[in-house]
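# Close look at the chain arrangement
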Protein chains: 2
Amino acid sequence: MLYIADTPFDLTAGRAHTPGTPEGSAGTEVDRRTAIVAAALELFAVQGYRNTTMAELGGRAGIRGPSVYRHFSSKQQLLSEIMFATMNGLIEGFARAIASTSDVAAQLREAVEVHVRYHARNRFEAFIGTREIGNLDEPARSEVIARRDAYEMSFRELITLGAEEGRFQVASVRLASYAILDMGMGVAVWFREDGPLTEDEVVRHYGAMALRVVGSA
Amino acid sequence: MLYIADTPFDLTAGRAHTPGTPEGSAGTEVDRRTAIVAAALELFAVQGYRNTTMAELGGRAGIRGPSVYRHFSSKQQLLSEIMFATMNGLIEGFARAIASTSDVAAQLREAVEVHVRYHARNRFEAFIGTREIGNLDEPARSEVIARRDAYEMSFRELITLGAEEGRFQVASVRLASYAILDMGMGVAVWFREDGPLTEDEVVRHYGAMALRVVGSA
């Protein structure tokens, strides 16, 4: 049983096993690198960064002995790569959402949908991103935190714009931004592909709820 | 620097040090027990359950040697006590909120306010409750999860009632419940007593945002 929980609700989480490319198979160098990252996502999420060794990661990815170091110099490099990929994915998704329309309410809806879809699809990444930040060495840690702050701030600026245009009615832009982002991150905790609601349904409902939070007219 | 994070935003969290009662002081048995729980909350949150020893907990609480075992037979007992106290606090808070009024919208607002206030005040508890559930032995683990499910279900039933009375307009009761609870739990991550908004302000705004989420008329 795998426990992935950052809310007190629906604590049991599983995800299909992503097998690594067995050594000696037709796997390319790129395949092996991908398999190591997949192994790191799973093992860091399930047993924690500190409790995982490079040897385990190699084994999980089907790579014997020290050749795992040909792809990643350290566990720390893997953690850093996962953390940056997560934040970059979110930031790029926000940029795409904003560029897709010029209507501020449609922009917010789209940005929330992208945020929620990311958290539904990347549950290990979301979990590691929050639980293992303290194990990321400097300067990477400060840089990841700066990107998280920038991501949050971009939602805050969008809500501010909507309020200035008279489209949103918010008592506190900051709290509305936190509430919207936090409810979206919660999706990473409870969402299951085989659950009662599809990813598209969840995404659409969260987009609509976010517009309600900002009192969208 | 203490990292308490279960959202990607505002990762650095601190809380005033709660010193234990020094041994040899006028502290009573009850004081010592309280000091051990306070030490466990801090050390489990900061360094994790597995990385904390009973000796450290005793030391932090100002109790020398094995006499810490006079109060708690094991780390596991402490973890269990913290987890149950958290869930019981939330469940009792919900019951009080519901009893305080007969209007369904006022009930939901009050229940959300209690939920948010609890998470603003009990940040270590919230963090431990989510991160350490996998370290809780059975049958306690299943029982805590059952209480969490019951707590979530009580919000869902309240929202269903409001929808049946025509007071709430929700596309998905389940998602509205998740969104409201998740946004409230997020408060435990970013709230600071010396931040720009007081606890009462945050509580009031979240109560209002929750009513928006359910389309309260």
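Residues numbered from 1 in each chain as written. Chains lettered and ligands numbered in written order. Predicted model: local features only at pLDDT ≥ 70, side-chain atom pairs only at ≥ 80, totals over all residues. Heavy atoms only, no water.

## Side note on the overall build of chain A
- Broken down by element type, chain A carries 8 helices and 0 strands.
- Secondary structure elements in chain A, listed N-terminal to C-terminal, are α-α-α-α-α-α-α-α.
- Contacts in chain A between residues far apart in sequence, at least 24 positions, make up 70% of those at least 6 positions apart.
- Accessible area of chain A: about 8,900 Å², with a carbon and sulfur share of 53%. (Helix = DSSP H or I, 4+ residues; strand = E, 2+ residues; numbered from the N terminus. Contact = heavy atoms within 4.5 Å. Areas by Shrake-Rupley, 256 points an atom, 1.4 Å probe, with all protein chains shown as cover.)

## Details of the relation of the copies chain A and chain B
- Between chain A and chain B, which share one sequence, the superposing operator has a rotation angle of 180° and an axial displacement of 0.0 Å; the RMSD is 0.0 Å. When the rotation and shift are considered jointly, the pair of chain copies conforms to a two-fold rotation axis. In terms of C-alpha distance to the rotation axis, chain A has A:Met183 as its closest residue, with the C-alpha 2.4 Å off the axis.
- Most of the interface of chain A is mirrored in chain B, where 100% of its interface residues again form contacts. (Least-squares fit on C-alpha atoms with pLDDT ≥ 70 in both.)

## Overview of the side chain of B:Asn135
All names here are of chain B.
- Turning to its location among the elements, Asn135 is positioned in the loop between helix H5 (123–131) and helix H6 (140–164).
- For Asn135, the side chain forms a polar contact with the side chain of Arg50, separated by 3.0 Å.
- If we skip the residues at most four places from it in the chain, Asn135 touches Tyr49, Arg50, Gln76 and Leu79. (Polar contact = N/O pair within 3.5 Å; in protein donor to acceptor, adjacent residues only side chain to side chain.)

## With respect to the packing of aromatic side chains
- For the structure shown, the criterion picks out 14 aromatic pairs over all chains.
- Ring geometry for A:Trp190 against A:Phe191: centres 6.3 Å apart, planes inclined by 65°, an arrangement best described as edge-to-face. The pair formed by A:Trp190 and A:Phe191 is uniform in burial state, with each residue classed as buried.
- Measuring from ring centre to ring centre gives 4.6 Å for A:Trp190 and B:Tyr178, while their planes differ by 45°; the resulting arrangement is tilted. (Phe/Tyr/Trp six-rings, centres within 6.5 Å; stacked < 30°, edge-to-face > 60°. Buried < 20%, exposed > 50% of the residue type's maximum accessible area, 1.4 Å probe, protein only.)

## Let's talk about the pattern of salt bridges
- Applying the stated rule across the entire model yields 22 salt bridges over all chains.
- Ionic pairing is found between A:Arg141 and A:Glu138, a salt bridge with its closest N-O pair at 3.5 Å.
- Where B:Glu42 meets B:Arg60, a salt bridge forms, and the shortest distance between an N and an O atom there is 2.6 Å. Remark: B:Arg60 occurs in helix H2 (residues 54–60) and B:Glu42 occurs in helix H1 (residues 29–47); sequence separation between them is 18 residues.
- On the basis of relative accessible area, B:Glu42 is assigned to the buried category, the value being 13%.
- A residue is classified by how much of its surface remains accessible, and B:Arg60, at 32% relative accessible area, is partly exposed.
- Through salt bridges with shared partners, a single ionic network connects A:Arg117, A:Arg121, A:Glu199 and A:Asp200. (Salt bridge = Lys/Arg side-chain N within 4 Å of Asp/Glu carboxyl O.)

## Quick notes on helix H6 (residues 140–164) of chain A
- Between its first and last C-alpha atoms H6(A) spans 36 Å; for 25 residues at 1.5 Å apiece the expected length is 36 Å, and the two agree.
- Immediately downstream of H6(A), the backbone of A:Gly166 shows phi near 75°, a positive value. (Expected span 1.5 Å × (residues − 1).)

## Structural notes on the environment of A:Ala146
- Assignment of secondary structure puts A:Ala146 in helix H6.
- Put simply, A:Ala146 and A:Ala95 are 51 residues apart on the chain and 17 Å apart in space, counted from C-alpha to C-alpha.

## Focus on the packing of helix H3 (residues 75–99) of chain B against H5(B)
Residue and element names in this part refer to chain B.
- Between H3 and H5, the shortest axis-to-axis distance is 10 Å and the interhelical angle comes to 110°. With respect to their mutual orientation, H3 and H5 come out roughly perpendicular. Packed against H3, whose contacting residues are Leu79, Ile82, Met83 and Thr86, the element H5 presents Glu125, Ile128 and Gly129 at the interface.
- Classifying every residue of the contact of H3 with H5 by side-chain character gives 4 nonpolar, 2 polar and 1 charged. (Axes fitted to C-alpha atoms, helices over the stretch in contact; angles between N-to-C directions. Parallel < 35°, antiparallel > 145°, perpendicular 65-115°, else oblique. Nonpolar A, V, L, I, M, F, W, Y, C, P; charged D, E, K, R; others polar.)

## What to know about the interface of chain A and chain B
- The interface of chain A with chain B comprises 44 residues on the first partner and 44 residues on the second.
- Both sides together, the interface formed by chain A and chain B hides about 4,000 Å², and carbon and sulfur atoms give 71% of it.
- Counting across the interface, chain A meets chain B through 0 salt bridges.
- Applying the counting criterion to the chain A and chain B interface returns 4 residue pairs in polar contact (both at pLDDT 80 or more).
- Only helix H5 (123–131), H6, helix H7 (173–190) and helix H8 (199–213) of chain A provide two or more residues apiece to the side of chain A that touches chain B.
- With 12 residues, H7(A) is the single largest residue contributor to the side of chain A that touches chain B.
- Residue classes in the side of chain A that touches chain B are distributed as 26 nonpolar, 8 polar and 10 charged. (Buried area = accessible area lost by both parts, 1.4 Å probe.)

This is a description of form; function is not addressed.
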